[in-house]
Amino acid sequence: MPEEQNRTIMAVDELQAIIQRCQILEEADFKGEDFNLFQVAGQKCLEDGYAAQLLEVIQNEKNKVIIKNMGWNLICPLVRCIFTYKQEDDKREHCLKILHQLAQLCNPKELFLGLLEQIEQTSAEQVCQTVMLLLQPLQTVLLKLQNKKAYSVGLSLAMIMNQLTPLPVPYTKQQIQEDKLGLCQCCNAVVDFAKPFVNEVVKNMEKSSEYNDMELKEELLKFCMKSLKYPLLTAQLEQLEGIEEHPFQHFAIEIINILWDIRELIPLVFLHRKGKSPHWENQEFADLEQKNSADSLACLSYLMFVQHFGIGCFPMVFSPSYLLQCNMTHIEVLLKRTEESVLSKGLDLFESCLLRMEDNSLLHQYLEFRDFINVPQDLVKVMTLCPIEHLRKKSLNILQLFIDKFDAEGKYTLFRCLLKTSNHAGVEGYIIKNIKDQIHLSLMARDNIWFTGHHLISLLDLVLLLPEGAETDLLQNSDRIMASLNLLRYLVIKDSESDNQTGVWTTLAKIEQNFLKPLHVGLNMSKAHYEAEIKNKKENRRESHSSNTVCSVTVSGEKMPAMTTEMQLQVLHSALFTFDLIESVLARVEELIEVKIKAVMDENI
């Protein structure tokens, strides 16, 4: 115990000795050695638990000049000690008071660099705690700075956001409530840190309508754009049961409030203003900057039009179709992502825009915009490739919603596009069913030229054919083939040869040549192939005397997982059943055609 006391007394004595030596020196006479000795002695006091004595030294008016010049060196050991003490420990309280005193007394420029260095060097596990600890002194120092204030504020915000960005964003209710690394709390603390600088910009803009000092405003805009990309783009922003004040909702609202206060919200939403983008000689950096900006703007639109944050600031003068047009670029950005949190935002934004519109109100001319063609194609990719079932189902519902909003010519053009680009039999079958529904409405109303006559015949050329003739994989294309046969059956039943509103009777020979005959040949070939496979498997099973032999089988050009012989036989029989189903519908269609033609011939006789 005496040895420990001696070490402590030595640390305090060393500090006092350095202080007394420096008190008699002029500020300009301080040497590098003095700085080092002060730092070592101060660090020893902190590490040995004598923060109270160090605090007395710092508060002593006689030491003001010394602390002004040398105090910033204590930031690193001070932060380290604060994290070692428990919340209720008096020593921790003394350390916090020292930190407050240093913010008041130190040279602002030196302390600013010291604080940033500490934030930059902290570990990922402690970054949020470190940032929250140092935000108040950093804010104090920045408010004192006269020169390069905007640059320093921007550097601080960029450093903080860069340090936070690698952290995983809490997504589930449990993760948000636990806030393990403190990210939720930290993000909202950073917004509070920025508020005095926002207020400064607002006051300057109120003083003069021609506010020329744009630097601080630009730095705040950059911060908002970064915040929209991280954490808000990937954050869970829906209201969660049991969480009264959702931290990310609060953060999002604060970011939108800043954008409104600095008069950038409406320009960002409607003019896609991106601020002063740096000129990058390296194209890779330029592309990254553009992508980051696109992600941020897409997130902003989601917050405005889905979550309705800041919607009170919104001018209610725009038509639903114009709002859809403004958002299609953002929807496309979001739908190209694969993360559930981002993809779901794209679907929600698309759905929200479509639900504002009346059915049949979207003019076909909108399909001349690239986004109006790209987005449904992206939607098809989500429907067919996304591993998350509820997103696949939602994307299908939204595709139908999108189709419903177009006028007749728009639907017609969209159907042609999707039939040519989807490359998926299930999607093609779905589109063909939609075509059938539109033909039905046209026949009932008798006022739609796009789904009757020569326009329809042109569309049927894409529908009533086998992509690769008789060689087409019928199993893989079964959804499309069944939908096409059902459409043809409907046309034959509903449209008489004498009326021929749809034009199907005029083009019947072409349909038989391109669709019905190749389908017959394809069915015969496919059935023969699968029946031979079944026979072969059964013979192999008898020879091996076991139904548990594991091997592989190829169906529709894709190798299936390893299966027993019995499982393979089930797959092969299922394929035969599909062919029988197609064959029965085909027979019914041909029977109907024959009956109709015979009836006309009998009338003529």
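Here the structure is a predicted model, which is why all the values come from computation and not from measurement.

J.: Describe the layout of surface pockets, naming the residues involved and giving the relevant values.
T.: When its volume is computed, the second largest pocket comes out at roughly 370 Å³. Looking at the second largest pocket, it is lined by 13 residues, and the ones nearest its centre are Asn423, His424, Ala425, Glu428 and Asn477. Mapped by element, the contributors of at least two residues to the lining of the second largest pocket are helix 20 (408-421) and helix 21 (425-445).

J.: Mind laying out unusual backbone geometry, listing which residues take part and the relevant values?
T.: The peptide bond linking tyrosine 230 to proline 231 adopts the cis configuration, its omega dihedral lying at 5°. Mapped onto the elements, proline 231 comes out in helix 12 (residues 215-232). For asparagine 423, which is not glycine, the phi dihedral falls at a positive 50°. Relative to the elements of secondary structure, asparagine 423 occurs in the loop between helix 20 and helix 21.

J.: Run through the pattern of salt bridges, naming residues and quoting values.
T.: Summed over all chains, the structure comprises 24 salt bridges. Between arginine 480 and glutamate 428 there is a salt bridge, with the nearest N and O atoms lying 3.2 Å from each other. Of the two residues, arginine 480 sits in helix 23 (residues 478-494) while glutamate 428 sits in helix 21, which places them 52 residues apart along the sequence. Assessed through its relative accessible area of 5%, arginine 480 is described here as buried. Among the ionic pairs, lysine 510 bridges to aspartate 461, the shortest N-O distance being 3.2 Å. Separated by 49 residues along the polypeptide, lysine 510 in helix 24 (residues 508-544) and aspartate 461 in helix 22 (residues 453-463) bring together distant segments of the chain. Look at aspartate 461 and you get partly exposed, because its relative accessible area is 31%.

J.: I'd like a rundown of the nonpolar core, residues and numbers included.
T.: Across soluble globular proteins, nonpolar side chains have a tendency to be buried as a group. In this structure, Leu164, Phe223, Leu303, Phe350, Leu485 and Leu519 are the most contacted members of the largest nonpolar core, which totals 187 residues. If one sorts the elements of this core by residue count, helix 11 (residues 183-207) sits on top with 13 residues.

J.: Describe the side chain of serine 442, listing the residues and the values that go with them.
T.: Looking at the secondary structure, you find serine 442 in helix 21. In this structure serine 442 comes out as buried when scored by relative accessible area, which is 2%. Setting aside residues up to four positions removed in sequence, serine 442 forms contacts with Asp447, Asn448, Phe451 and Thr452.

J.: Explain the packing of aromatic side chains to me, using residue names and the numbers behind them.
T.: With the rule as written, the count across this model stands at twelve aromatic pairs. Centroid distance tyrosine 412 to tryptophan 450: 5.1 Å. Interplanar angle 50°. Geometry classified as tilted. Here tyrosine 412, found in helix 20, pairs with tryptophan 450, found in the loop between helix 21 and helix 22; they are 38 residues apart in sequence, far enough to count as distant. Like tryptophan 450, tyrosine 412 is buried. Between tyrosine 530 and phenylalanine 579 the ring centres are 5.3 Å apart and the planes differ by 70°, which places this aromatic pair in the edge-to-face class. You can see tyrosine 530 sitting in helix 24 and its partner phenylalanine 579 sitting in helix 25 (residues 565-604), a full 49 residues away along the chain. Feature note: the residues Phe350, Tyr366, Phe369, Phe372, Phe402 and Phe406 constitute an aromatic cluster, connected by ring pairs.

Each value, and the rule that gives it
- Residues numbered from 1 in each chain as written.
- Predicted model: local features only at pLDDT ≥ 70, side-chain atom pairs only at ≥ 80, totals over all residues.
- Heavy atoms only, no water.
- 1 Å grid on protein atoms, 1.4 Å probe; cavity = no way out; pocket = protein on both sides within 12 Å on 5 of 7 lines; lining within 4 Å.
- Points joined across faces, edges and corners; volume = space filled by probe spheres on them.
- Helix = DSSP H or I, 4+ residues; strand = E, 2+ residues; numbered from the N terminus.
- Salt bridge = Lys/Arg side-chain N within 4 Å of Asp/Glu carboxyl O.
- Buried < 20%, exposed > 50% of the residue type's maximum accessible area, 1.4 Å probe, protein only.
- Core = buried A, V, L, I, M, F, W, Y, C linked by side-chain atoms within 4.5 Å.
- Contact = heavy atoms within 4.5 Å.
- Phe/Tyr/Trp six-rings, centres within 6.5 Å; stacked < 30°, edge-to-face > 60°.

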